[in-house]
Amino acid sequence: MSPTELAEKLRSQQAPLLVDVRTPAEYESLRVPESHNVPLDLLQRHRDTLAEQFADEVVLICQTGNRANQALQHLNAAGVNTARVLEGGVVAMEAQHRQHTSRGKQRWAMDRQVRMVAGSLVLTGFLGGKLISSKVGYLAGAIGAGLTFSALTDSCAMAAALNKMPWNKVEADPTVEKFLAEIPQSLQVGVPNVKASR
C-alpha cells in the first residue's frame, strides 16, 4: 500500500487497523498516530493469537518496509490474507504525508544502530590488527561471520542486544494483552486466552 493510499484511507470512515512492528523506542520516535505497536518479535511469538484478530484490513508498518514484509510472511503463514505492507514504511509516510505522522523522543532506528556498532567493531578490528596485534584483526572476521549468519537466518542478535540498552527503553513495553485492549471492539473476532498461546 502506498503512503498516498493509506492517507486516503485514514481520511475515510473505514480506516484499516495499523500495526507498527518496530521496536518500542523506534515507535516512540516516529509513528502514524493511529497505529498500534506490536514489535516483530512479539508478533512472531503470538502470530496465531494475533491472526485471529485480523479479519479486516490490516496495514503493517516499519521503518522502511523490511520488517513489515517479514511480519506479513508470518501472518500469511498463520492464514491471514487481509494484511498489506506500507511501502517505504513510516519514513515514506512522513516524507509524503507528514500530517499523518507524529514525532516523539528522537532515537536512531535499530538498523542504523546495528550499522554503527558493526562498522565500529570492524574498524576497531582492522586498526587493532595493524597497530596492536594481528589477533585483534579477528574481531573484524567475527563481525563479518555474525552479519553473514544474520542474513542467512533472517535474525539479528546484535539488534536484540541493542534493544535492551537503556537508550532504547520506553516506559511500558508492548504486550499482546495491551494490543487486544487497544484495538476497536468492532475489529475483534473474539479475544482468545492469550496466556494459553505463550
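Residue indices begin from 1 for each chain and proceed along its sequence in written order. Confidence filtering applies because this is a predicted model: local features only for residues at pLDDT of at least 70, side-chain atom pairs given and counted only at 80 or more, and all residues used for totals across whole chains, interfaces and linings. Hydrogen atoms and water are omitted, and side-chain values are computed over all heavy atoms in the structure.

### Here's the deal with the overall build of the chain
Counting from the N terminus, the helices are DSSP H or I runs at least four residues long and the strands are E runs at least two residues long. Helices and strands together make up the secondary structure of the chain, namely ten helices and six strands. Referenced to the eigenvectors of the C-alpha coordinate spread, the extents of the chain come out at roughly 65 × 40 × 30 Å. Contacts are residue-level and defined by heavy atoms, with any inter-residue pair within 4.5 Å sufficient. Within the chain, residue pairs in contact and separated by at least 24 positions form 71% of the contacts whose partners lie at least 6 positions apart. Looking at the chain as shown, the accessible area adds up to about 10900 Å², and 56% of this sits on carbon and sulfur atoms. With residues, only the protein chains shown are counted as cover, and all accessible areas are computed by Shrake-Rupley using a 1.4 Å probe.

### Regarding the nonpolar core
General note: in soluble globular proteins, nonpolar side chains tend to be found buried as a group. Among the nonpolar cores identified, the biggest contains 24 residues, and Val 19, Val 21, Phe 54, Leu 60 and Phe 179 are the most heavily contacted of them. Elements with a contribution of two residues or more to this core: strand 1 (17-20), helix 3 (40-45), helix 4 (47-51), strand 4 (58-61), helix 5 (66-77), strand 5 (83-85) and helix 10 (176-182). Broken down by element, the residue count for this core peaks at four residues, all from helix 5. When neighbours within four sequence positions are excluded, Phe 54 is seen to be in contact with Leu 17, Val 19, Leu 75, Val 80, Thr 82 and Phe 179. Buried residues of nine kinds, namely Ala, Val, Leu, Ile, Met, Phe, Trp, Tyr and Cys, make up a nonpolar core once their side-chain atoms join them within 4.5 Å. Type-normalised accessible area, obtained with a 1.4 Å probe on protein chains alone, sets the label of each residue: buried when under 20%, exposed when over 50%, and partly exposed for intermediate values. Residues Ala 7, Leu 10, Ile 61 and Met 93 belong to the second largest nonpolar core, which totals twelve residues.

### A word on the pairing of strand 1
Side chains Leu 17 and Val 19 project from strand 1 onto one buried face, and the interleaved Leu 18 and Asp 20 project onto a second face that is buried too. Pairing of strand 1 with strand 4 involves four bridges; the strand directions are parallel. If you follow Asp 20 over to strand 4, its bridge partner there is Ile 61. Bridge analysis of strand 1 against strand 3 (residues 36-37) gives two bridges, and the strand direction is parallel. Each residue of the ladder has a partner; that of Val 19, found in strand 3, is His 36. At least two bridges found by DSSP between two strands is the condition for calling them paired.

### Details of the sheet that holds strand 1
Pairing is parallel in the open sheet, where four strands are placed in the order 3-1-4-5. Taken across any chain shown, the strands that pair with only one partner, and hence form the sheet edges, are strand 3 and strand 5. As defined by bridge partners, strand 4 adjoins strand 5 across three bridges and the pair is classed as parallel. Across the sheet, residue Leu 60 finds its bridge partner in strand 5, namely Val 85. With respect to the sheet, helix 5 is in contact with strand 4 and strand 5, its orientation differing from that of strand 5 by roughly 160°. Helix axes use the C-alpha atoms of the stretch in contact, all axes being lines fitted to C-alpha atoms, and the angles between their N-to-C directions lie in the range 0 to 180 degrees.

### Focus on the pairing of strand 4
Here strand 4 shows no split at all, with Val 58 and Leu 60 on one side and Val 59 and Ile 61 on the other all buried. Classification remark: right-handed applies to a crossover when, strands pointing away from the viewer, the course from the first strand over the helix to the second runs clockwise. Crossover handedness for the path strand 4 to helix 5 to strand 5: right-handed.

### Here's the deal with the side chain of Asp 20
Topologically, Asp 20 is positioned in strand 1. Under this definition, polar contacts are N or O atom pairs within 3.5 Å; protein pairs additionally need one hydrogen-donor-capable and one acceptor-capable atom, and for neighbouring residues in sequence, both atoms have to be side-chain atoms. Here the side chain of Asp 20 touches Arg 22 through a polar contact of 2.7 Å, side chain to side chain. Other than its neighbours up to four places away in sequence, Asp 20 contacts Tyr 27, Ser 35, His 36, Asn 37, Val 38, Pro 39, Ile 61 and Cys 62.

### Overview of a nonpolar patch on the surface
Side chains of Leu 123, Phe 126, Leu 127, Leu 131 and Ile 132 sit close together on the surface and give an oily, nonpolar patch of about 570 Å² of accessible area. For Ile 132, the position within the fold is in the loop between helix 7 (110-131) and helix 8 (138-153). A residue is classified by how much of its surface remains accessible, and Ile 132, at 70% relative accessible area, is exposed. Two distance rules govern patches: like charges are joined within 9 Å, and nonpolar side chains (Val, Leu, Ile, Met, Phe, Trp, Tyr) within 5 Å, applied only to residues with over 30% relative accessible area and no salt bridge. A pairing counts as a salt bridge when a side-chain nitrogen of Lys or Arg comes within 4 Å of a carboxyl oxygen of Asp or Glu.

From the geometry alone we can't say anything about function, so treat these as descriptive.
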